[in-house]
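Coordinates in review
Given next are the chains, with one letter for each unit.
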Amino acid sequence: MTEQELEIFYSQISTKIIETRKKLNLTQQVFADELNISRASIVNIEKKRQRPTIHLLYKISILAELDMNYFFKSFQKDIITNTKFSEKIDKRKLKEDEKVILKDYISKQLLTKE
């Protein structure tokens, strides 16, 4: 996996963690307390400055009563791996479905940085 693919992968997981916390209607502090980690860790994970461990994802899945696959099913490895986004963006040769995926990713990045 390239570093760019890893960034996309962890960005999608981070988005899922934020969505999960909000669905549980928990503040970052309460969420962190429930997971027995610091609020700073939650903040850093949500802002994509820290990558969650598999153990943390397991604890979140237990807390939220989710299947662990919830965190991974949005990762479209086949599209990201088989498509060289950077090359296609430069050459403006994106397919319509790739444009949708890319726009969705950029939107999520912009929303989480606010």
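In case you missed it, the structure is sitting above this.
Residues numbered from 1 in each chain as written. Predicted model: local features only at pLDDT ≥ 70, side-chain atom pairs only at ≥ 80, totals over all residues. Heavy atoms only, no water.

1. Regarding the overall build of the protein
- Looking only at helices and strands, one finds seven helices and zero strands in the protein.
- The secondary structure elements of the protein, listed N-terminal to C-terminal, are α-α-α-α-α-α-α.
- When the 114 residues of the protein are sorted by exposure, 35% land in the buried category.
- Pairs at least 24 apart in sequence give 58% of the contacts found in the protein among residues at least 6 apart.
- Total accessible area computed for the protein in this model is approximately 7,600 Å², and 52% of it derives from carbon and sulfur atoms. (Helix = DSSP H or I, 4+ residues; strand = E, 2+ residues; numbered from the N terminus. Buried < 20%, exposed > 50% of the residue type's maximum accessible area, 1.4 Å probe, protein only. Contact = heavy atoms within 4.5 Å. Areas by Shrake-Rupley, 256 points an atom, 1.4 Å probe, with all protein chains shown as cover.)

2. Considerations on the side chain of Ser14
- Note on placement: Ser14 falls in helix α1 (residues 3–23).
- Within the structure, Ser14 has its side chain in polar contact with the backbone oxygen of Ile45 (distance 2.8 Å).
- Setting aside residues no more than four positions away along its own chain, Ser14 makes contact with Ile45, Glu46 and Lys48. (Polar contact = N/O pair within 3.5 Å; in protein donor to acceptor, adjacent residues only side chain to side chain.)

3. Quick look at the packing of aromatic side chains
- Counted according to the given criterion, the structure contains three aromatic pairs.
- Ring geometry for Phe9 and Tyr10: centres 5.1 Å apart, planes at 80 degrees, overall edge-to-face.
- Assessed through its relative accessible area of 15%, Phe9 is described here as buried.
- You can call Tyr10 partly exposed: its relative accessible area is 24%.
- Taking the centre distance of 6.0 Å and the plane angle of 20 degrees together, the rings of Phe9 and Phe72 count as stacked. One end of the pair, Phe9, is in helix α1; the other, Phe72, is in the loop between α4 (54–64) and α5 (77–82), and 63 residues separate them in sequence. (Phe/Tyr/Trp six-rings, centres within 6.5 Å; stacked < 30°, edge-to-face > 60°.)

Distances and angles like these do not, on their own, reveal function.
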